Each structure stands twice: as structure tokens, then as C-alpha cells.
Amino acid sequence: MSDSDDTSLTIDDEIVARARIHTREVIDDHDLEIDREALEWTVTTRARRRAGACRWDADREVATIVLTRQAYERYEWTAFAGVIRHELVHAWEFQRFGESGHGPRFRKRAAAIDAPRHCQAFAAPRYVLRCLEADCEWQAKRYRASKPVKAPDQYRCGCCGGRYEVEHASSGRRWTTASGFGGAKAAVGDAW
């Protein structure tokens, strides 16, 4: 057999195969009305905080469930299977109603198939935003250098509206302005 004939499976193939098997079980066990012919699967390595997503192509009437490889590698199977069930509820809503969210209809169906409403984090955040007001405990985690991370002086606390600071989680460097972001990034260098 030549190298071009190599049919070894990748981790992504494994993820999709296990997801399809679990989907069959969920549909059979819970009488979940999903058209599996109008359901596609893909795996991503880009997502940092979401373990799964469901995208709806209204023109084709196809739901695509996107699963995150890092979550699959870090979660126990029972937790990852919960992610699949969560996304299946979204697919069900898209296929039946043309829209999906996390409202009462979603919550009712998710509870019926033991799908979690939220999943546990599988990656540590790169940045932590914290309110500077003494009586406010607001904080937010960020995985990418978004605008609120790069220029915190242009934004306000999500709870009280006060100023906040940003901390680079691995180095402990903190800043409250765009120039502070630049200075912290330069100081940390290659470890950024």
C-alpha cells in the first residue's frame, strides 16, 4: 500500500464518529425529531472558550454542529457528550423553528435530554478584567486581545459602570489604558 492509500483516522474523524453515534442514541432514546440528513459536523481548533456551536444555513436548511478538539481532549466523555446534546437541541430548534436561543423552549428540551445549559471552561483565559471600584466584584475573562482588553479606558465595568483594569493572566502584568497594554506586551515579550 502506498502512502496515498493510507486510510488512518484522525482525532477529528474520531470526534465526528463518536458524535454521530451519540446523536443516534439520543434521537432513539428521547424521540428527538432531528433530520440527520440535514445535519453536518465539523471540528475546530480555533475556539478557546466554547466547546461547541450550531450554525444554521437557512438557504440549505442544514444545521452544522461545530465541536472543539481541545474540549474533546480535556473533558471526560460524559461532559463532552453533554456538549453534543446541547448542540443537538440547537439543531432541533433550527430545523423546527428556523431559529435557536437559550430561552424557555431550549431549556425545556435540554432538560428532557439531560443537556447542560453551559459547559465548563476547558482553557485558561489569557486576560482577566476586574472593576477598580472597591464595592464592586465584577470580573470577566477573555481569551483574545479584544478591544476592551487593548483599550480598557474606552470601556466600563459590566456591573457598576466604573473603570476596570486588565491583567495578563500568565505574567500578572496589569493596565488600564491602551498605552498600558502596549507597555505590558512589550515587557512580556515572547512570553505574551
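These lines cover the structure that appears in this document, whether it is placed above or below. (Residues numbered from 1 in each chain as written. Predicted model: local features only at pLDDT ≥ 70, side-chain atom pairs only at ≥ 80, totals over all residues. Heavy atoms only, no water.)

Focus on the overall build of the protein chain
No. 1: Helix and strand counts for the protein chain stand at six helices and seven strands.
No. 2: Written out in order from the N terminus, the α and β elements of the protein chain read α-β-β-β-α-α-α-β-β-α-β-β-α.
No. 3: Computed over C-alpha atoms, the radius of gyration of the protein chain comes to 21 Å, more than 25% over the 16 Å expected from 2.2 N^0.38 for 192 residues, which places it beyond the range of a compact globule.
No. 4: Its C-alpha atoms give the protein chain principal-axis dimensions of roughly 55 × 55 × 35 Å.
No. 5: Once local pairs closer than 6 in sequence are excluded, the contacts in the protein chain between residues at least 24 apart make up 52%.
No. 6: Per element, the accessible surface of the protein chain, about 11,500 Å² overall, is 44% carbon and sulfur. (Helix = DSSP H or I, 4+ residues; strand = E, 2+ residues; numbered from the N terminus. Rg over C-alpha atoms; globule rule 2.2 N^0.38 Å. Contact = heavy atoms within 4.5 Å. Areas by Shrake-Rupley, 256 points an atom, 1.4 Å probe, with all protein chains shown as cover.)

Focus on the sheet that holds strand E2 (residues 52–57)
No. 1: If you trace the three strands from one edge of the open sheet to the other, you get E1-E3-E2, paired in mixed fashion. In this open sheet, the two strands that pair with only one neighbour each are strand E1 (39–44) and E2. Pairwise comparison of adjacent strand axes, ignoring direction, gives a mean angle of 25 degrees for this sheet.
No. 2: Note that E1 and strand E3 (residues 62–68) share six bridges and pair parallel. (Pairing = 2+ DSSP bridges. Axes fitted to C-alpha atoms, helices over the stretch in contact; angles between N-to-C directions.)

A closer look at the nonpolar core
No. 1: Among the nonpolar cores identified, the biggest contains 31 residues, and Leu32, Leu39, Trp41, Ile65, Leu67, Phe80 and Leu88 are the most heavily contacted of them.
No. 2: No other element matches helix H3 (residues 77–97), which puts eight residues into this core.
No. 3: Leaving out residues up to four positions away in the same chain, Leu88 has contacts with Thr23, Val26, Leu32, Ile34, Leu39, Trp41 and Ile65.
No. 4: One finds Trp138, Tyr164, Trp175 and Ala184 within the second-largest nonpolar core, a separate group that totals 15 residues. (Core = buried A, V, L, I, M, F, W, Y, C linked by side-chain atoms within 4.5 Å. Buried < 20%, exposed > 50% of the residue type's maximum accessible area, 1.4 Å probe, protein only.)

A few points about the side chain of Thr68
No. 1: Secondary-structure assignment places Thr68 in strand E3.
No. 2: Ignoring anything within four residues of it in the chain, the contact list for Thr68 reads Thr44, Ala47, Arg50, Ala51, Gly52, Phe80 and Phe122.

Quick notes on the sheet that holds strand E7 (residues 174–175)
No. 1: Pairing in this open sheet of four strands is antiparallel, and the strands run E5-E4-E6-E7 from one edge to the other. Among the strands making up the open sheet, the edge pair consists of strand E5 (139–142) and E7.
No. 2: Relative to E7, strand E6 (residues 164–168) runs antiparallel, the two being bridged by two bridges. Residue Val166 lies in a different strand from E7, and its bridge partner there is Trp175.

Considering the packing of helix H1 (residues 11–30) against H3
No. 1: Taken N-terminus to C-terminus, the directions of H1 and H3 make an angle of 65 degrees; their axes are 10 Å apart at the nearest point. By the angle between their axes, H1 is roughly perpendicular relative to H3. Taken as a pair, H1 and H3 cross one another with a handedness that is right-handed. In contact with Ile15, Arg18, Ala19, His22, Thr23 and Val26 of H1, H3 contributes Trp77, Phe80, Ala81, Ile84, Arg85 and Leu88. (Parallel < 35°, antiparallel > 145°, perpendicular 65-115°, else oblique. Left-handed = near helix turned anticlockwise from the far one by under 90°.)

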